[in-house]
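For reference, the chains in residue letters:
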Amino acid sequence: MDISSQESGIVYRNPVPHVFSRHAYFPSVVEMDNGELLASFTIGESFEAANLNTCVCRSADMGITWSEPAALMETNADALLSNCARISYFGNGNVIAVVVRHHRKDHYGEGLANPENLGFVPTDMLLVRSADYGHSWGRPELMHPPLTGPSFELCSRIVELKDGRWIWPTSTWRGWNGDCPNGMKMVAWISADEGRTWPSYMDVMNNSGEQLIYWESKIIELQNDNLLAVAWVYDEKHHIDLPNHYSLSIDGGKSWLAPRSTRIQGQTMAIRELPDGRILSVYRRKDRPGLWANVCRIENNRWINEKELPLWGASNHELPGKTDNIVQDFNELKFGAPDITLLSDNSVFITFWCYEKLVSNIRWIRLPL
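Residues numbered from 1 in each chain as written. Predicted model: local features only at pLDDT ≥ 70, side-chain atom pairs only at ≥ 80, totals over all residues. Heavy atoms only, no water.

1. Some thoughts on the packing of aromatic side chains
Then, in step 1: Counted according to the given criterion, the structure contains 23 aromatic pairs.
Then, in step 2: A centroid spacing of 5.5 Å and a plane angle of 20° characterise the contact between Phe349 and Trp364, whose relative ring orientation is stacked. Of this pair, Phe349 sits in strand β24 (residues 347-356) while Trp364 sits in strand β25 (residues 359-368), placing them 15 residues apart in sequence. You'll find Phe349 and Trp364 in the same group, each marked buried.
Then, in step 3: Members of the aromatic cluster, joined through ring pairs, are Tyr25, Phe26, Phe47, Trp353 and Tyr355.
Then, in step 4: Of note, Arg22 hangs over the ring of Phe20, and the distance from its end group to the ring centre comes to 4.4 Å.
Then, in step 5: Looking at Arg284, its charged tip hangs above the ring of Phe335, at a distance of 5.7 Å from the centre. (Phe/Tyr/Trp six-rings, centres within 6.5 Å; stacked < 30°, edge-to-face > 60°. Helix = DSSP H or I, 4+ residues; strand = E, 2+ residues; numbered from the N terminus. Buried < 20%, exposed > 50% of the residue type's maximum accessible area, 1.4 Å probe, protein only. Lys NZ or Arg CZ within 6 Å of the ring centre and 35° of its normal.)

2. Details of the sheet that holds strand β20 (residues 279-285)
Then, in step 1: Spatially, four strands are ordered β19-β20-β21-β22 in an open sheet, and the strand pairing comes out antiparallel. Each edge of the open sheet carries a strand with a single partner, namely β19 (266-273) and β22 (302-312). Strand-to-strand twist of the sheet, defined as the mean angle between neighbouring strand axes without regard to direction, takes the value 25°. (Pairing = 2+ DSSP bridges. Axes fitted to C-alpha atoms, helices over the stretch in contact; angles between N-to-C directions.)

Everything listed here is a matter of coordinates, which is why it stays silent on function.
Right, dumping it as structure tokens:
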């Protein structure tokens, strides 16, 4: 990839920030077989506002210009139900959004996480389907968890494996009162009937006994049929971030190798396999400012870093932030949650949210392969 040839632009930015407080976060983008790109992201008053709602917009020119955002689901502001989604494309106009809905009524005036015990507000998991390239959407379908979270994190879209199974990578999360019967661990829900039921799950990364938490989890299926998982690792006992970890499964997710360090000090890592078999990662770097990309190869189940590239914000030394309270760190984030789409024009399309001139917008970066 040639960083000097990168293009950049905006998917969405509040056109009247002096009139309304509207910030955008958490994008995901798919390329569809009608030649369009479809993007999803949330819009709300602030980072953890109770009125955060998922919207979609589209581009007919490979991301240069975008339509006005439209709501994915109908909402009732009085219900105090915020939501966030990630979208997947399955061909022939079929788009699937996995949505996590946050119940905010019992914790009015609070953020999503409890600063006393790292508990989370109650969540519902929903599927919303479109059969017409995201122009219209069906009624939300409740996803019944295969294990007790009690809450779950949304950082990944649904992934369709070659054998037809759908998996949803996620992490269990404590309830608001701190209860977490299965520990905080990385799992992947499994569906064999295109998301109608989710009766089983994979245990992917679990060191809850050592107070290691695996967040921002992603899984991709490689060209050699192995599954590759990555996650940001937080050492709750010592209040420190560890390097991102990875794990591999060579048997379709039945078992996973013990997590190992990628030696990348980052958060919100997104991964894609490039046509030559190497792995592209994009992440919010923790030891230096900015959004970065990394290219590695997997050899003998080992993650071998080859090259890293700064993408955005590398000269802004006000971006890194770290306190002794991880919930406060969440509240003060200024950018993150990158998403990677490999486009048919042989380019990499990266989207992420970032504050620019006091407004959080959705920015894109395109890199030629």
